[in-house]
Amino acid sequence: MKFTYIKSELKGTFVPSAVFDSLNDARNNDFKVILYIISTGNCDPLKISSDLDISHSAAVSSMLYWADKGVLYCEEESEKKTRRKSALTSEVIATMSSDPGVQALGKNLQLIFGSSLSEKYTNQFMALYLEEGMPVDVILPLAQHNVDKTGVDNPAYIIKIIRSWQKKHKFTSGSEVDSFLALVAEREKVYAKVGEIFSISPDKLTSSEKTVIDRWTEKYNMSFEMIAESFDRAGEKADIKYCDGMLKNWSRKGYKTPKDLSDEITHITQSKRNIDSQDDLLVKNRTNIPVFKK
C-alpha cells in the first residue's frame with residue numbers, strides 16, 4: 001500500500017482539524033504516526049515503524065486509520081518487476097489446477113477472508129506457493145493469524161506480512177509455524193501481565209520494550225513475582241529499561257524468587273555485623289595495649 005498525506009484545514013499552525021476531532025477515539029500510536037508524517041512528510045510505513053520504534057503492522061494500522069479520516073490517501077502499490085516475479089496469470093493457474101496445493105489455497109483463502117479473492121490477489125497468493133516455494137501449510141496459518149490479529153482483511157497487506165515473516169524465520173513446515181504462533185500467543189499473555197504490573201496497556205508497548213520483556217522470561221527465566229518485585233523496588237524510577245537492569249543483575253546472581261533477595265539482605269547485614277564486631281574488638285585490643293615510656 002502507498003500512502004499520501006492530504007493537506008487540509010489546519011488548526012494552529014500545522015495540525016489538521018481532523019486530528020483534533022479524533023482525540024477521543026485515536027490511540028497513542030495513531031497520534032505518534034500522524035504527527036511524524038506532518039512533521040517529516042514521509043509516508044513510508046517501514047521508515048515510520050523504524051523511526052518511531054513501533055511494529056510495521058502498527059504503523060500501517062494507524063495510517064489506515066488516518067486514511068479513513070481523510071488525512072491520508074491510500075492506494076495499492078504496484079508490484080515492481082525488479083523486486084519479484086510478476087504474479088501468475090489465471091491461465092497458468094488453470095493449467096495447474098490438479099495440484100492439491102493450489103486447490104487447498106483456493107478453498108481455504110476464501111474461508112479466511114470470508115469471500116472469494118479477486119484474480120489479482122489469488123494470483124499473488126499462488127505465487128507464494130508456486131514461484132517462491134512457500135509450503136501451503138505455512139501460508140494458510142500465517143494468513144489466518146494475521147487476519148484475526150490485525151483485523152485487516154486487505155490481501156495485499158497480509159501477503160506482505162507473510163513474506164516478511166517467512167524471510168525472517170524461514171519456515172519449512174506447518175509445525176514450525178504452529179510453534180512460532182504458540183510462542184507469539186504466549187508472549188502476548190506475558191505482555192498483558194507485565195502491562196498490569198506497570199499499568200501500561202499492552203498495545204502501548206514499543207517493539208524494543210517487548211524485546212526486553214521477552215528477555216526477562218525467556219533468557220533470565222524471571223517469574224512475574226520477580227518482575228513485580230523489580231517494579232516495587234524501582235519506585236519512581238520504575239520503567240521497563242530501569243527494571244531490566246535490576247532483573248539482569250538478579251539473573252546473573254542466580255536469584256529466582258523474592259526470598260532469594262531477602263536472603264541476600266540478611267547475608268549482607270550479618271556480614272556487616274561481623275565486620276563491625278571485628279573492628280570493635282580490634283579497637284578494644286589496641287586500647288588495652290600498655291604504653292612503655294623510655
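Everything here concerns the structure above.
Calculation criteria
- Residues numbered from 1 in each chain as written.
- Predicted model: local features only at pLDDT ≥ 70, side-chain atom pairs only at ≥ 80, totals over all residues.
- Heavy atoms only, no water.
- Core = buried A, V, L, I, M, F, W, Y, C linked by side-chain atoms within 4.5 Å.
- Buried < 20%, exposed > 50% of the residue type's maximum accessible area, 1.4 Å probe, protein only.
- Helix = DSSP H or I, 4+ residues; strand = E, 2+ residues; numbered from the N terminus.
- Contact = heavy atoms within 4.5 Å.
- Salt bridge = Lys/Arg side-chain N within 4 Å of Asp/Glu carboxyl O.

Draft legend 1. The arrangement of the nonpolar core in detail. Counting residues in hydrophobic clusters, the biggest one holds 30 residues, and the most contacted among them are Phe113, Phe125, Ile158 and Ile162. No other element matches the seven residues that helix 8 (residues 136-150) contributes to this core. Beyond its immediate chain neighbours, meaning those up to four positions away, Phe113 contacts Phe125, Val147, Asp153, Asn154, Pro155 and Ile158. Within the second largest apolar cluster, 21 residues are counted, among which are Tyr191, Leu205, Tyr220 and Leu261.

Draft legend 2. Layout of the pattern of salt bridges. Counted according to the given criterion, the structure contains nine salt bridges. Residue Lys47 pairs with Asp51 through a salt bridge whose shortest N-O separation is 3.4 Å. Within this pair, Lys47 and its partner Asp51 are both found in helix 3 (residues 45-52), separated by four residues, close to a single helical turn. The exposure class assigned to Lys47 is partly exposed, which follows from its relative accessible area of 38%. Of the residues examined, Asp51 reaches a relative accessible area of 39% and is grouped as partly exposed. Salt-bridge contacts for Glu218 lead to Arg187; the nearest nitrogen and oxygen are separated by 2.7 Å. Of the two residues, Glu218 is situated in helix 11 (residues 207-218) and Arg187 in helix 10 (residues 174-198); the sequence distance between them amounts to 31 residues. Salt bridges sharing partners connect three or more residues here, namely Arg187, Asp214 and Glu218.

Remember that the coordinates give geometry; whether it matters functionally is a separate question.
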